[in-house]
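# Structural features, examined
So you can see what is in the structure, the chains are spelled out below.
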Amino acid sequence: MTLEALEADVTACRRCPRLVAWREEVAAVRRAAFADQIYWGRPIPGFGDPAARVLILGLAPAAHGANRTGRVFTGDRSGDFLFAALHRTGFANQPTSTHRGDGLRLTGAWITAAVRCAPPANKPTPQERDTCLPWTVAELGHVSAVRVIVCLGAFAWDAALRLRVALGHPRARPRPKFGHGALWYDDAGTGPALLGTYHPSQQNTFTGVLTESMLDDVLRTARDVAG
Ligand code: DU
Ligand code: SF4
């Protein structure tokens, strides 16, 4: 299966009834407010460079961000913060990301989310995380050079631990703890390393919990670790 065919399959997924209902309800209610645009209201596939050695793993699409535009992290404040950082650190060709077809290209990075449908209150359940994980496994079958996973927040860190196991790598032992700047890798070198950062949500970026230089440092570290 090609990456394009996988993308088509992902965007048709209906495995999580609660999330299917929510993503469609939000889209139906909000379409009127964005009448000049297509309101996506479907699962969000990964985006970026298929040769990436750095995987950026988010939590889930925002109801009025990716769930509206159809591209991961595109069209909301978290994405504005993330793509500006990716541009400063040389992973993105432009500092902004507004809609599909805006010319954005990534080099060396692939971005996806642990859960591909917008969840109520930005909180997917553990079951939804586990149900969506095979999509990330399938994506990484195509994006197979990934050496480090930048985990945006603790939920993504947890998903990345599961992802490693689902990809056939040994469990990380002892279980590594999430933190901003936390770096874990297997001494034997099997499977991708994990690198933690606070999530670039407004709650963190407006309060100074996560600053531009903190995120830039993590992305530079990711590049170094990925080699
Ligand atoms: O069920 P669990 O022990 O919480 O493990 C969940 C998930 O995290 C499983 O895919 C293995 C991985 N994991 C790990 O990599 N290292 C640990 O020490 C514990 C769990
Ligand atoms: Fe499918 Fe993932 Fe959306 Fe669940 S969250 S419906 S598994 S794409």
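Details of the structure are given in the entry above.
Residues numbered from 1 in each chain as written. Chains lettered and ligands numbered in written order. Predicted model: local features only at pLDDT ≥ 70, side-chain atom pairs only at ≥ 80, totals over all residues. Heavy atoms only, no water.

## Focus: the overall build of the chain
Just so we agree on the cut-off: Only DSSP runs of H or I covering at least 4 residues are called helices, and only runs of E covering at least 2 are called strands; the numbering of each starts at the N terminus. Each radius of gyration reported is based on C-alpha atoms, and the globular scaling rule is 2.2 Å times the count of residues to the power 0.38.
Summing up its helical and strand segments, the chain has eight helices and six strands in all. Listing each helix as α and each strand as β along the chain from the N terminus yields α-α-β-β-α-α-β-α-β-α-β-β-α-α. The C-alpha atoms of the chain give a radius of gyration of 16 Å, which matches the 17 Å a tight globule of 227 residues would have. Each of the three principal axes of the chain carries a C-alpha extent, and together these read 55 × 35 × 30 Å.

## Considering the site of ligand 2
What counts, and what does not: Note on terminology: near, applied to a residue and a molecule or strand, indicates that one of the residue's heavy atoms is within 4 Å of it.
Around ligand 2, a shell composed of Cys13, Arg15, Cys16, Leu19, Pro43, Val115, Arg116, Cys117, Thr131, Cys132 and Trp135 is seen. Examining the composition of the shell around ligand 2, we find that three residues originate from one element, helix α5 (residues 126-142), more than from any other.

## Some thoughts on the site of ligand 1
Condition: Any N or O atom pair separated by 3.5 Å or less is treated as a polar contact, with the protein-specific requirement of one donor-capable and one acceptor-capable atom, and with residues adjacent in sequence counted only for side-chain atom pairs. All accessible areas in this document rest on Shrake-Rupley with a 1.4 Å probe, and a residue is counted as covered only by the protein chains that are shown. Note on residue classes: Ala, Val, Leu, Ile, Met, Phe, Trp, Tyr, Cys and Pro are nonpolar, Asp, Glu, Lys and Arg are charged, and everything else, Gly too, is polar.
Lining the immediate surroundings of ligand 1 are Leu161, Arg162, Val165, Arg171, Ala172, Arg173 and Arg175. Contacts to ligand 1 include Ala172, whose backbone N or O atom sits 2.5 Å from a nitrogen atom. One nitrogen or oxygen atom from the side chain of Arg173 is found 3.4 Å from an oxygen atom belonging to ligand 1. For ligand 1, the protein covers 73% of the area, taking 430 Å² as the surface of the free molecule. For the shell around ligand 1, a count of residues per class yields three nonpolar, no polar and four charged.

## Concerning the pairing of strand β3 (residues 109-113)
The condition that has to hold: Burial classes: relative accessible area under 20% of the type maximum marks a residue as buried, over 50% as exposed, and values in between as partly exposed (1.4 Å probe, protein chains only). Strands are treated as partners if at least two bridges between them are detected by DSSP.
Of all five residues in β3, five are buried, a share of seventy percent or more. Where burial is concerned, the two faces of β3 agree: the one with Ala109, Ile111 and Ala113 and the one with Trp110 and Thr112 are both buried. One ladder, built from five bridges, connects strand β2 (residues 54-58) with β3; its direction is parallel. Bridge pairing in β3 links Gly58 to Ala113.

## Notes on the environment of Ala92
To keep things clear, this is the line we draw: Throughout, a contact is declared for two residues whenever any of their heavy atoms are within 4.5 Å.
Tracing the backbone through its elements, the reader meets Ala92 in the loop between α4 (77-88) and β3. Residue classification places Ala92 among the buried positions, given a relative accessible area of 7%. The contact partners of Ala92, leaving out residues within four places of it in the chain, are Phe83, Leu86, His87, Leu104, Arg105 and Leu106.

## Here's the deal with the pattern of salt bridges
Where we set the bar: By salt bridge we mean one thing: a side-chain nitrogen of Lys or Arg within 4 Å of a carboxyl oxygen of Asp or Glu.
Considering all chains together, one arrives at 12 salt bridges under this definition. Across the salt bridge formed by Arg88 and Glu212, the nearest N and O atoms sit 3.8 Å from each other. Note that Arg88 is positioned in helix α4 and Glu212 in helix α8 (residues 212-226), a separation of 124 residues in sequence. You can call Glu212 partly exposed: its relative accessible area is 45%.

## Points about unusual backbone geometry
What you tend to see is this: most non-glycine residues have negative phi, and most peptide bonds are trans. The omega torsion of the bond from Arg173 to Pro174 falls at -10°, within 30 degrees of zero and hence cis. Structurally, Pro174 is set in the loop between α6 (154-166) and β5 (183-184). Unusually for a residue other than glycine, Asn122 sits at a positive phi of about 55°. As for its position among the elements, Asn122 is in the loop between β3 and α5.

## Topic: the packing of aromatic side chains
Filter applied, for reference: Aromatic pairing here means that ring centres of Phe, Tyr or Trp (its six-membered ring) are within 6.5 Å. Orientation follows from the plane angle: under 30 degrees is stacked, over 60 is edge-to-face, and everything else is tilted. Distance and angle both matter: a charge sits over a ring if NZ of Lys or CZ of Arg is within 6 Å of the ring centre and within 35 degrees of the ring normal.
Applying the stated rule across the entire model yields two aromatic pairs. A ring pair is formed by Trp157 and Phe178, whose centres lie 5.9 Å apart and whose planes are at 70°; its orientation type is edge-to-face. Here Trp157, found in helix α6, pairs with Phe178, found in the loop between α6 and β5; they are 21 residues apart in sequence, far enough to count as distant. In this structure Phe178 comes out as partly exposed when scored by relative accessible area, which is 25%. Taking the ring centre of Phe47 as reference, the NZ or CZ of Arg71 above it sits at 4.7 Å. The ring of Phe91 is capped by Arg223, whose NZ or CZ atom sits 4.0 Å from the centre of that ring.

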